[in-house]
Amino acid sequence: MESIKSSSLKSKQEVINDLKKLLALINDGKEGYQSAAESTDNEQLKALFLKFSGERIVYASELKDHIALHGDEAENENGGVLGGLHRAWLTVKQALISKEDISILNAIMTGEKAAINGYDACITDFADHADHITLLTEQRDGIKAALAEIERQAVLANH
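Residues numbered from 1 in each chain as written. Predicted model: local features only at pLDDT ≥ 70, side-chain atom pairs only at ≥ 80, totals over all residues. Heavy atoms only, no water.

1. A look at the overall build of the chain
Then comes step 1: When you go through the chain residue by residue, the secondary structure sums to six helices and zero strands.
Then comes step 2: Sorting the 159 residues of the chain into buried and exposed places 46% on the buried side. (Helix = DSSP H or I, 4+ residues; strand = E, 2+ residues; numbered from the N terminus. Buried < 20%, exposed > 50% of the residue type's maximum accessible area, 1.4 Å probe, protein only.)

2. Let's talk about the packing of helix 1 (residues 12–39) against helix 4 (residues 101–123)
Then comes step 1: One can describe the packing of helix 1 onto helix 4 by two numbers: an axis separation of 10 Å at closest approach and a directional angle of 165°. As far as their axial angle goes, helix 4 and helix 1 are roughly antiparallel. Between helix 1 and helix 4 lies a crossing of left-handed hand. Contacts from Asp18, Leu22, Leu25, Ile26, Tyr33, Ala36 and Ser39 in helix 1 reach Ile104, Ile108, Glu112, Ala114, Ala115, Gly118, Tyr119 and Cys122 in helix 4.
Then comes step 2: Here the contact of helix 1 with helix 4 is composed, by residue class, of 11 nonpolar, two polar and two charged. (Axes fitted to C-alpha atoms, helices over the stretch in contact; angles between N-to-C directions. Parallel < 35°, antiparallel > 145°, perpendicular 65-115°, else oblique. Left-handed = near helix turned anticlockwise from the far one by under 90°. Contact = heavy atoms within 4.5 Å. Nonpolar A, V, L, I, M, F, W, Y, C, P; charged D, E, K, R; others polar.)

3. Here's the deal with the packing of aromatic side chains
Then comes step 1: Counted under the stated rule, the structure contains two aromatic pairs.
Then comes step 2: Between tyrosine 33 and phenylalanine 49 the ring centres are 6.1 Å apart and the planes differ by 35°, which places this aromatic pair in the tilted class. Of this pair, tyrosine 33 sits in helix 1 while phenylalanine 49 sits in helix 2 (residues 43–69), placing them 16 residues apart in sequence. By the burial criterion, tyrosine 33 is buried, and phenylalanine 49 matches it.
Then comes step 3: With a centroid separation of 5.4 Å and an interplanar angle of 55°, the aromatic rings of tyrosine 33 and phenylalanine 52 are classed as tilted. Note that tyrosine 33 is positioned in helix 1 and phenylalanine 52 in helix 2, a separation of 19 residues in sequence. Just as tyrosine 33 is buried, phenylalanine 52 falls in that class too.
Then comes step 4: Through pairs of rings, three or more aromatic residues link up here, namely Tyr33, Phe49 and Phe52. (Phe/Tyr/Trp six-rings, centres within 6.5 Å; stacked < 30°, edge-to-face > 60°.)

4. Overview of the pattern of salt bridges
Then comes step 1: Inspection of every chain in the model, using the stated rule, returns six salt bridges.
Then comes step 2: A salt bridge links arginine 56 to glutamate 112, with the shortest nitrogen-to-oxygen separation between them at 2.4 Å. A residue pair is termed long-range when its members are at least 10 positions apart, and arginine 56 in helix 2 and glutamate 112 in helix 4 qualify at 56 residues.
Then comes step 3: Among the residues examined, glutamate 112 registers a relative accessible area of 1% and is labelled buried.
Then comes step 4: Notably, a salt bridge pairs aspartate 120 with arginine 140, separated by 3.0 Å at the nearest N-O pair. With aspartate 120 in helix 4 and arginine 140 in helix 6 (residues 133–157), the pair connects residues that are 20 residues apart, well separated along the chain.
Then comes step 5: Look at aspartate 120 and you get partly exposed, because its relative accessible area is 25%.
Then comes step 6: When salt bridges with common partners are traced through the structure, they connect Glu55, Arg56 and Glu112 into a single cluster. (Salt bridge = Lys/Arg side-chain N within 4 Å of Asp/Glu carboxyl O.)

5. Thoughts on the environment of glutamate 31
Then comes step 1: Locating glutamate 31 in the fold gives a position in helix 1.
Then comes step 2: Classification of glutamate 31 as buried rests on a relative accessible area of 19%.

6. Some remarks on helix 6
Then comes step 1: Its 25 residues give helix 6 an end-to-end C-alpha distance of 36 Å, which sits within 8% of 36 Å, the value for a rise of 1.5 Å per residue.
Then comes step 2: All buried positions along helix 6 are accounted for by Ile133, Leu135, Leu136, Gln139, Arg140, Gly142, Ile143, Ala146, Leu147, Ile150, Gln153 and Ala154. (Expected span 1.5 Å × (residues − 1).)

Written out as structure tokens, the structure reads:
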């Protein structure tokens, strides 16, 4: 793969930082889903949470590849401290203490919405993220699909 030399408006380092923020958020999601799977007794939810955690592992690997294309490394295997984005997944961790499925699902919805917002910020910055816009769009759409399924499970849990 050929290295990306520069970005149109942002510096190369700013683009790398954007990707690293998404990576940290994806890792927050991965950890949130793994913890949720460990915290529920519902086997269907456990399987769903593990599926989405696995998706986040793939997303993280893809983001690391794009960070490498820009000439940097991403060793982050854990989530990050990204203000509101990170706090959204901390809400998941707090909900796990209750071990109530509806609380866990509601907290996951908050985390996924924050992830979508993070992706949207990069996607709307098309000029600077043009070389990986397809990847970011596909990952955001995957997160949206996960959110839709989590919302469906929350409706079922409320009935």
